[in-house]
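# Coordinates in review
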Amino acid sequence: MRSRDQNAAHFHLRRKLLLGLAASPLMTALPGRGAWAAEAGAGGLAVTDTEVTVGILHSLTGTMAMSETGATQGERLAIEQINAAGGILGRKVKVIQEDGASDWPTFAEKARKLVVNDHCAAVFGCVTSASRKAVLPVFEQYNGLLYYPTYYEGLEQSKNVIYTGQEATQQTLAALDWVTKEKGAKSFFMVGSDYIWPRTTNKIATKHITNVTKGTIVGEEYFPLGHTQFNSVINKIKLKKPDVIFATVVGGSNVAFYKQLKAAGIDLKKQLLVTVSVTEDDVDGIGGENIADAYSCMKYFQTIKNSNNETFVAAFKKRWGDKTVIGDITQAAYLSPFLWKAAVEKAGTFEVDKVIAASPGLELTNAPEGTVKIHENHHLWCKTRVARARPDGQFDVVYESPELIEPNPFPKGYQ
C-alpha cells in the first residue's frame with residue numbers, strides 16, 4: 001500500500017497530467033478547425049467538415065478531484081477510441097476541457113463557456129449533484145446536451161441531460177434491501193457530506209427503512225465537503241451501536257473518515273458499513289487496509305468478470321498506467337461518448353434536439369458493466385451490485401441483480 005504522502009503525490013501527478021491534456025490536442029492528430037459546417041441542422045454548433053467539438057467538465061483540483069479524475073480519464077479514452085475508429089459522421093472529435101475546481105459557481109461559469117462561447121455539440125461532466133444543479137440552468141436555457149456519469153439521488157429529469165449513472169431505486173434501495181435480507185439489519189446510523197445528494201439520498205433511505213424494511217434510524221450527521229474531523233460522530237456511532245453505518249461521505253473527506261474509524265477501533269468485520277459513495281478511485285486514496293470489509297453498492301466494479309470488462313480494463317491501464325484503478329463513475333463516464341456517438345449516428349446529425357430525440361431505446365451490449373439501454377426518462381436500465389472491499393483496494397462482488405433494473409427517478413412515496 002502507498003503511504004499518505006505517496007497517495008498525495010499520485011493524485012497530484014494524475015491531475016497535472018490531465019490539466020496538461022486540457023491544454024493540448026488529443027493523442028490522435030486532429031485537422032484544423034476550418035469553417036463551420038454548412039450541414040443542415042448543425043444548429044450553430046462547433047462542427048466543421050472535419051471535426052466536431054465537445055467539452056469535458058470535471059474537478060481536476062479541490063476536494064472532489066480524487067473522485068472526478070477517473071471520469072475525465074474514462075471520457076478521454078472513449079473519445080480517443082472513437083477517433084481511432086474514424087470519428088463520428090466522418091469527423092474527428094476535438095475536446096475542450098475545463099476544471100470545475102470543486103466549486104459549484106465555477107462549474108456554472110465553465111458550462112456557459114463550453115455551451116455558449118465554444119458551441120460544444122455535447123458536454124461530458126459533473127459528478128456531485130451540487131455541480132449538476134449549478135450547470136443545469138445553462139444547458140436548459142441554451143439547449144446544450146450534458147452527459148452526467150454519476151449515481152445520484154434521482155428526483156430529476158431533464159430534456160438536456162442523459163444520466164449514465166444510476167438513480168436511487170437502482171442503488172440506495174437495492175443496497176438497503178440487500179443488507180436487510182442478507183444481514184438482518186434493523187438499525188442504521190447515517191453519516192454524509194452536507195449537500196444535495198447525501199441529504200436527499202438519506203431522505204429516500206429513511207422512508208424505505210421505516211416504511212418498507214421496518215427498521216429504525218438511530219443517528220444522522222452531515223459534514224461540509226472537505227471535512228476531516230470525524231471523531232465526534234464516531235463516538236456517537238460507538239455509543240448507539242447501529243447494525244449498519246450507512247455512509248454517504250464523498251471526496252477527500254473519505255480518507256479521514258475511514259482512517260479515523262479504524263483508529264477508533266471500529267472493526268468493519270464486526271460492524272457492518274454500507275456505502276453508496278465509495279468506488280475504487282476513492283479507495284486508492286483511503287487505503288484498502290482502512291476500508292477492508294466495508295460493503296459498497298454500485299453498478300460497476302473493476303473486478304466484474306466478462307470479456308467486455310477485460311478489454312476495457314486492459315485498454316484503460318495501457319492508456320493511464322498499470323497502477324490506475326477504475327471505479328463506477330469512471331466506467332459510466334466512459335459509456336457517455338459512445339452513447340452520444342450512437343445517438344448522433346442514428347439521428348444523422350449533431351443537432352442537439354435530433355440527438356436527444358434519437359437517444360431513448362439506444363442499447364450498448366458491449367459496455368464493461370454489461371448491457372445498458374437508455375430509457376425514455378433519459379436514465380439507463382442497468383444492473384446493481386454489492387461488493388465487499390478487499391485490503392488490496394479492489395472489491396469482491398457478493399450480489400448482482402438478476403435483471404436490468406428499470407430507472408425510476410420519481411418513485412412514488414419517496415418524494
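Quantities reported herein were computed from a predicted structural model and do not represent experimental measurements.

### Here's the deal with the environment of Glu-280
As for its placement among the helices and strands, Glu-280 is situated in helix 9 (residues 280-286). Under the relative-accessibility criterion, Glu-280 is labelled buried at 1%. Separated by 21 residues in sequence, Glu-280 and Phe-301 have C-alpha atoms that sit 7.6 Å apart. Residue contacts for Glu-280: discarding those within four places in its chain leaves Phe-301, Gln-302, Val-325, Ile-326, Gly-327, Asp-328, Gly-393, Gln-394 and Phe-395.

### Details of the pairing of strand 10 (residues 295-298)
When a strand is regular, its side chains alternate between the sheet's two faces. With burial as the criterion, each face of strand 10 is covered, one bearing Tyr-295 and Cys-297 and the other bearing Ser-296 and Met-298. Both strand 9 (residues 272-275) and strand 10 contribute to a ladder of two bridges, which runs parallel. Residue Val-274 lies in a different strand from strand 10, and its bridge partner there is Tyr-295. Pairing of strand 10 with strand 14 (residues 385-389) involves four bridges; the strand directions are antiparallel. In the strand pairing of strand 14, Met-298 is matched with Arg-385.

### Remarks on the pattern of salt bridges
Applying the stated criterion across every chain, the model contains 18 salt bridges. A salt bridge links Arg-319 to Glu-80, with the shortest nitrogen-to-oxygen separation between them at 2.8 Å. One end of the pair, Arg-319, is in helix 11 (residues 307-320); the other, Glu-80, is in helix 2 (residues 65-84), and 239 residues separate them in sequence. On the basis of relative accessible area, Glu-80 is assigned to the buried category, the value being 9%. The salt bridge involving Glu-351 is made with Lys-354; its shortest N-O contact spans 3.7 Å. Here Lys-354 falls in the partly exposed class, since its relative accessible area comes to 45%. It is possible to trace a salt-bridge network through shared partners that takes in Glu-98, Lys-110, Lys-113 and Asp-118.

### A short note on the packing of helix 3 (residues 104-117) against helix 4 (residues 129-141)
The N-to-C vectors of helix 3 and helix 4 enclose an angle of 35°; their axes lie 8 Å apart at closest approach. For the crossing formed where helix 3 meets helix 4, the hand is right-handed. Taken together, the residues of helix 4 that come into contact with helix 3 (itself represented by Trp-104, Phe-107, Ala-108, Ala-111, Arg-112 and Val-115) are Ala-130, Ser-131, Ala-134, Val-135, Val-138 and Phe-139. Split into classes, the residues belonging to the contact of helix 3 with helix 4 amount to 10 nonpolar, one polar and one charged.

Basis of the calculations
- Residues numbered from 1 in each chain as written.
- Predicted model: local features only at pLDDT ≥ 70, side-chain atom pairs only at ≥ 80, totals over all residues.
- Heavy atoms only, no water.
- Helix = DSSP H or I, 4+ residues; strand = E, 2+ residues; numbered from the N terminus.
- Buried < 20%, exposed > 50% of the residue type's maximum accessible area, 1.4 Å probe, protein only.
- Contact = heavy atoms within 4.5 Å.
- Pairing = 2+ DSSP bridges.
- Salt bridge = Lys/Arg side-chain N within 4 Å of Asp/Glu carboxyl O.
- Axes fitted to C-alpha atoms, helices over the stretch in contact; angles between N-to-C directions.
- Left-handed = near helix turned anticlockwise from the far one by under 90°.
- Nonpolar A, V, L, I, M, F, W, Y, C, P; charged D, E, K, R; others polar.

No statement about biological role is implied by the geometric values presented.
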